Amino acid sequence: MSHNPIRPWRNIDRRKSRKIHVGPVAVGGDAPISVQTMTNTLTTDVKATVEQIQRCAEAGADIVRVSVPDEASSKALKEIVRESPVPIVADIHFHYKRGIEAAEAGAACLRINPGNIGDEKRVKEVIRAARDHGCSIRIGVNAGSLEKHLLEKYGEPCPEAMIESGLDHIRILQDNDFHEFKISCKASDVFLAAAAYQGLAEATDAPIHLGITEAGGLMSGTIKSSIGLGSLLWAGIGDTIRVSLSADPVEEVKVGFEILKSLGLRHRGVNIISCPSCARQGFDVIKTVEALEKRLEHIKTPMSLSIIGCVVNGPGEALMTDVGFTGGGAGSGMVYLAGVQSHKLSNEGMIEHIVEQVEKKAAEIEAARAAESQAAE
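Residues numbered from 1 in each chain as written. Predicted model: local features only at pLDDT ≥ 70, side-chain atom pairs only at ≥ 80, totals over all residues. Heavy atoms only, no water.

Participant: An account of the overall build of the protein chain is requested, with residue identities and associated values reported.
Facilitator: From N to C terminus, the protein chain includes twelve helices and 15 strands. The C-alpha atoms of the protein chain give 23 Å as radius of gyration, which agrees with the globular expectation for 377 residues (21 Å, within 12%). Along the first, second and third principal axes, the C-alpha set of the protein chain runs to 75 × 45 × 40 Å. Per-residue burial for the protein chain yields a buried fraction of 52% across its 377 residues. Sequence-distant contacts, at least 24 apart, represent 63% of the contacts inside the protein chain between residues at least 6 apart. Accessible area of the protein chain: about 17,500 Å², with a carbon and sulfur share of 52%. (Helix = DSSP H or I, 4+ residues; strand = E, 2+ residues; numbered from the N terminus. Rg over C-alpha atoms; globule rule 2.2 N^0.38 Å. Buried < 20%, exposed > 50% of the residue type's maximum accessible area, 1.4 Å probe, protein only. Contact = heavy atoms within 4.5 Å. Areas by Shrake-Rupley, 256 points an atom, 1.4 Å probe, with all protein chains shown as cover.)

Laid out in C-alpha cells, this is it:
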C-alpha cells in the first residue's frame, strides 16, 4: 500500500519478503497480494473442473489450486493446466509421486504438506521435479497434520510446533538450493493461526500464504477468515491469501477481495457503501443493494458507489464516492456524481439509472487510464 501522508492512519507497512512466481503471477516483494481459491470438483472431471476455474477467474482469482490425489488426477491435470486462464497449484498429500507427476503436467506450483508427504528423501525428489519443470513450491503446514515428533515434543498443535515444522522444511529446500517457495501455517483456530503466522513472519523472509483452514460455511467462515486474515494483513503480514469456505469457490474469491478492498490493499470492481436502513429510509435500501450487487458484477474498474436511505449520512458519504444516491421524500432521491449533487431521480427508475451512471463512470476511468499509459510510452 502506498504511503498516505494525508490520512496516515490508513497506512499499512507490508512485511518485506522475497518475490517468487507462480507461473506469471508474482508473489511477495512489492507484488499485489494475490487471491487464491481451490476447486471442489473431481479433478478427473476435466470439463467441470475447468468450468469452475473459469468462473473463479472471472470473479477475480489470480491462482487456483487443484487436488491431485491419484494417478488419474495427474493425467487430467495436464489438460486442466492447458485450458486454465490462471496458474494452477497442484495440491499434493501423502503420495510424493503425485508431486512429480504434477510438475511434469505443467503445474505452476506444488503444494506439499510437510506432515504427510514422507521423509526427506521423498521431499528431495519433489524438489528436483519442481526445479526441472519450473515450478514453485508452497510449504503448507497445517495444525491438523503436524509431524508426529513435533506433537510428541510439544504435546499438542501450538504456534511453536507449527513454526518449527515450517522452518525445518524451509531448511530442506534451501539445503537443496531451491528458493522459489512460499509458506503457510494454517489452523482452524484463529488465535493459533495468527500466532503461528506472526512468529513465522519474524523467522523467515519467504512469501507468506495466509489462510484460516476449515473456517466453516459461508457466514461463519467469512467472519473467522475476516478476523484472522484481516488482522494479519493489517499488520503487514501476507503476500497471497485463500479464504476456505464450505461454499462455492467463487464465494471464496469474492470474500478474499472484499477483505483486501476493505484494507485498501487491492482494488477491483465497485465498492458499495450502503446503510443498514431504518424507518427514515426513502426507498428499500436492502433490495436495492442486492439488485445492484448482481447488476454490477461485470464492472472490474475500481470505483465507489454510495447507496444511503436518507439525508442524515447520505450527502456526507456521497462526497467520498464516484457515484451516490441518497433517499429523499415523495418517492425520489438525489444523485451525486464525483461527490457533487447532480440531479433528482425517482425511486422507480433508480436501479437502471444508477447502473448506467456507474458504467459511464467506469468507462471514463478506463479511458483516462489508457490515455495516461499511452502518454507515458
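So that's the structure; there's more coming.
Participant: Tell me what's going on with the sheet that holds strand E12 (residues 303-308), and back it up with residues and numbers.
Facilitator: Read from one edge of the open sheet, five strands run E11-E12-E13-E14-E15, paired in mixed fashion. With partners counted over all chains shown, the strands left at the sheet margins are strand E11 (270-274) and strand E15 (340-346), one partner each. Neighbour-to-neighbour, the strand axes of this sheet turn through a mean angle of 20°, independent of strand direction. When E12 meets strand E13 (residues 323-327), the two strands line up parallel, connected through four bridges. The residue bridging Ile308 from the neighbouring strand is Thr326, located in E13. (Pairing = 2+ DSSP bridges. Axes fitted to C-alpha atoms, helices over the stretch in contact; angles between N-to-C directions.)

Participant: Outline the pairing of E11, listing residues and values.
Facilitator: Two strands pair when backbone bridges link them, and E11 and E12 are joined in this way by five bridges, in the parallel orientation. Its bridge partner being in E12, Ser274 is matched across the sheet by Ile307. At this point the chain moves from E11, through helix H10 (residues 285-295), to the parallel E12, and the crossover so formed is left-handed. (Right-handed = clockwise from strand over helix to strand, strands pointing away.)

Participant: Describe the layout of surface pockets, listing the residues and the values that go with them.
Facilitator: A volume near 860 Å³ is recorded for the largest pocket. In terms of lining, the largest pocket is formed by 27 residues, of which the most central are Lys254, Glu258, Lys261, Glu293 and Glu297. Considering each element in turn, the lining of the largest pocket owes the most residues, eight residues, to helix H9 (residues 249-262). Here the lining of the largest pocket is built from residues that sort into ten nonpolar, six polar and eleven charged. (1 Å grid on protein atoms, 1.4 Å probe; cavity = no way out; pocket = protein on both sides within 12 Å on 5 of 7 lines; lining within 4 Å. Points joined across faces, edges and corners; volume = space filled by probe spheres on them. Nonpolar A, V, L, I, M, F, W, Y, C, P; charged D, E, K, R; others polar.)

Participant: Tell me about helix H1 (residues 46-59), and name the residues and values.
Facilitator: With 14 residues, H1 should cover 20 Å at 1.5 Å per step; its first-to-last C-alpha distance of 20 Å lies within 8% of that length. A positive backbone phi angle near 120° is found at Gly60, which sits one or two residues after H1. (Expected span 1.5 Å × (residues − 1).)

Participant: Which residues make up the packing of helix H3 (residues 96-105) against helix H4 (residues 120-132), and what values go with them?
Facilitator: In contact at an axis separation of 9 Å, H3 and H4 are set at 5° when each is read in the N-to-C sense. Between H3 and H4, the interaxial angle falls into the category roughly parallel. Contacts from Tyr96, Ile100 and Ala103 of H3 reach H4 at Arg122, Glu125, Val126, Ala129 and Ala130. (Parallel < 35°, antiparallel > 145°, perpendicular 65-115°, else oblique.)

Participant: Which residues make up the packing of aromatic side chains, and what values go with them?
Facilitator: Under the counting rule described, the total for this entry stands at one aromatic pair. For the pair Phe283 and Phe325, a centre-to-centre distance of 5.3 Å together with 65° between the ring planes defines the contact as edge-to-face. On the criterion of sequence distance, the pair formed by Phe283 in the loop between E11 and H10 and Phe325 in strand E13 is long-range, its members being 42 residues apart. This pair shows no difference in class: Phe283 is buried, exactly as Phe325 is. Here the basic side chain of Arg18 rests over the ring of Phe181, its NZ or CZ set 4.8 Å away from the ring centre. One cation-aromatic arrangement involves Arg268 over Phe257; the distance from NZ or CZ to the ring centre is 5.6 Å. (Phe/Tyr/Trp six-rings, centres within 6.5 Å; stacked < 30°, edge-to-face > 60°. Lys NZ or Arg CZ within 6 Å of the ring centre and 35° of its normal.)

Participant: Please give an account of the sheet that holds strand E7 (residues 136-142) that cites residues and values.
Facilitator: Pairing within the open sheet is parallel, and its eight strands lie in the order E8-E7-E6-E5-E4-E3-E10-E9. The open sheet has two edge strands with one neighbour each: strand E8 (181-186) and strand E9 (209-210). Across three bridges, the pairing between strand E3 (residues 34-38) and strand E10 (residues 240-242) is parallel. Bridge pairing in E10 links Gln36 to Arg242. Across the sheet, helix H6 (residues 159-175) touches E7 and E8, and the angle it forms with E7 is around 155°.

Participant: Go over the nonpolar core, please, and point to the residues and values.
Facilitator: Grouped together as the largest cluster of nonpolar side chains are 79 residues, with contacts concentrated most on Leu77, Leu110, Ile137, Met162, Leu210 and Leu233. The element that contributes the greatest number of residues to this core is helix H7 (residues 190-203), accounting for seven residues. Leave out the neighbours within four places in its chain, and Leu77 touches Val66, Val68, Ile88, Ala90, Ala102, Ala105 and Ala107. Ranked by size, the runner-up nonpolar core spans 19 residues in total, among them Val270, Val285, Ile299 and Ile354. (Core = buried A, V, L, I, M, F, W, Y, C linked by side-chain atoms within 4.5 Å.)

Participant: Residue-level account of the pattern of salt bridges, with values.
Facilitator: Any two side chains of opposite charge can pair if their charged atoms end up close together. Taken as a whole, this structure holds 18 salt bridges when the rule is applied. Where Lys153 meets Glu164, a salt bridge forms, and the shortest distance between an N and an O atom there is 3.0 Å. With Lys153 in helix H5 (residues 148-154) and Glu164 in helix H6, this pair connects stretches of sequence that are eleven residues apart. With a relative accessible area of 53%, Lys153 lands in the exposed category. Glu366 serves as the salt-bridge partner of Arg369, at 3.3 Å between the closest nitrogen and oxygen. (Salt bridge = Lys/Arg side-chain N within 4 Å of Asp/Glu carboxyl O.)

Participant: Tell me about the pairing of E12, and please be specific about residues and values.
Facilitator: Within E12, six of the six residues are buried, which leaves it mostly tucked inside the rest of the structure. Neither face of E12 is left uncovered, since the one carrying Met303, Leu305 and Ile307 and the one carrying Ser304, Ser306 and Ile308 both have all their residues buried.

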